[in-house]
Amino acid sequence: MFDFQLSDLLFRLPAIIVSLTVHELCHGYSAYLLGDNTARNMGRLTLNPLKHLDPIGFICLLFFRFGWAKPVPVNPYNFKSMDEKTGMLFTALAGPMSNIVLCFVCVGILSFMPARLLYAFSWFFGFLNYMIIINASIAFFNLLPIPPLDGSKILFGLLPDRFYRAAQMIEQYSFILLLLLLMGSLPQMVITPLTIGLINSFVKFFALFT
């Protein structure tokens with residue numbers, strides 16, 4: 001699993017920092033748009049990565065290509081434009097969607113950037129490649145329907161109310177569930193083909209215009 005070289009850190013570290021920071025910022029901003037000021041009051045509506053990075057999640061992403069950041073605090077009872085359950089669904093969805101958008105944009109830049117510029121700015125080429133892989137991986141890892149990942153909140157938001165309350169109780173065991181997930185092979189088995197499929201679909205899309 002330790003499939004990186006030290007030279008890769010020059011490209012991978014900035015890509016991880018940017019991807020996680022944007023992911024968490026979008027969670028907080030989504031909640032803010034729905035009426036919850038909690039993230040703003042705690043200084044989390046910022047592009048400062050020090051406010052968002054979780055040490056363990058950062059290391060996991062560095063070594064295993066899936067990880068997480070420090071969760072943005074959200075108080076769903078402050079939502080004004082929609083109910084608690086629906087608001088949490090959209091707030092949770094905002095993070096993975098931001099990573100998919102970043103992946104899409106980076107594939108587009110690589111598709112249209114002249115080869116001579118890619119050669120001249122090899123560091124930028126390496127950075128974009130890692131941005132593509134890391135953002136696709138973060139998106140699908142966080143969409144797994146296992147607490148405390150975003151996918152669980154999305155799933156809970158789709159469940160009937162009687163199941164939603166029970167699902168909230170399960171979240172108190174989220175750290176144990178996450179550890180069991182990381183110890184197994186499920187992330188690689190599920191995330192890798194989805195990541196490859198997403199990237200290939202974006203490449204084919206931009207190939208229509210080049």
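You'll find the structure just up there.
First, a word on scope: everything that follows refers to the structure included in this document. Note that the coordinates shown come from a computational prediction; the quantities given were computed from them, not determined experimentally.

Next up on the list: the overall build of the protein chain. Along the backbone of the protein chain there are ten helices and zero strands. N-terminal to C-terminal, the α/β element order of the protein chain is α-α-α-α-α-α-α-α-α-α. Taking all 210 residues of the protein chain together, the buried fraction comes to 45%. A separation threshold of at least 6 residues defines the contact pool for the protein chain, and within that pool the share at least 24 residues apart is 73%. If you sum the accessible surface of the protein chain, you get close to 11,200 Å²; carbon and sulfur atoms cover 72% of it.

Moving on, we get to the environment of Phe209. If you trace the backbone, Phe209 turns up in the segment after helix 10 (186-207). Judged by relative accessible area, which is 53%, Phe209 ranks as exposed. On a C-alpha basis, the gap between Phe209 and Ser111 in space is 9.1 Å, while along the polypeptide they are 98 residues apart.

On to the packing of helix 4 (residues 84-112) against helix 6 (residues 122-142). At a minimum axis distance of 8 Å, the contact between helix 4 and helix 6 shows a crossing angle of 150°. What the angle tells us is that helix 4 and helix 6 run roughly antiparallel. Taken as a pair, helix 4 and helix 6 cross one another with a handedness that is left-handed. Packed against helix 4, whose contacting residues are Pro96, Asn99, Ile100, Leu102, Cys103, Cys106, Val107, Ile109 and Leu110, the element helix 6 presents Phe124, Phe125, Leu128, Asn129, Met131, Ile132, Asn135, Ala136, Ile138, Ala139 and Asn142 at the interface.

Another aspect to go through is the environment of Gly35. In this structure, Gly35 sits in the loop between helix 1 (9-33) and helix 2 (38-41). A residue is classified by how much of its surface remains accessible, and Gly35, at 16% relative accessible area, is buried. Residues Gly35 and Ser81 lie 46 residues apart in sequence; the distance between their C-alpha atoms is 7.2 Å. Aside from chain neighbours lying at most four places away, what touches Gly35 is Asn78 and Lys80.

So, how was this worked out
Residues numbered from 1 in each chain as written. Predicted model: local features only at pLDDT ≥ 70, side-chain atom pairs only at ≥ 80, totals over all residues. Heavy atoms only, no water. Helix = DSSP H or I, 4+ residues; strand = E, 2+ residues; numbered from the N terminus. Buried < 20%, exposed > 50% of the residue type's maximum accessible area, 1.4 Å probe, protein only. Contact = heavy atoms within 4.5 Å. Areas by Shrake-Rupley, 256 points an atom, 1.4 Å probe, with all protein chains shown as cover. Axes fitted to C-alpha atoms, helices over the stretch in contact; angles between N-to-C directions. Parallel < 35°, antiparallel > 145°, perpendicular 65-115°, else oblique. Left-handed = near helix turned anticlockwise from the far one by under 90°.

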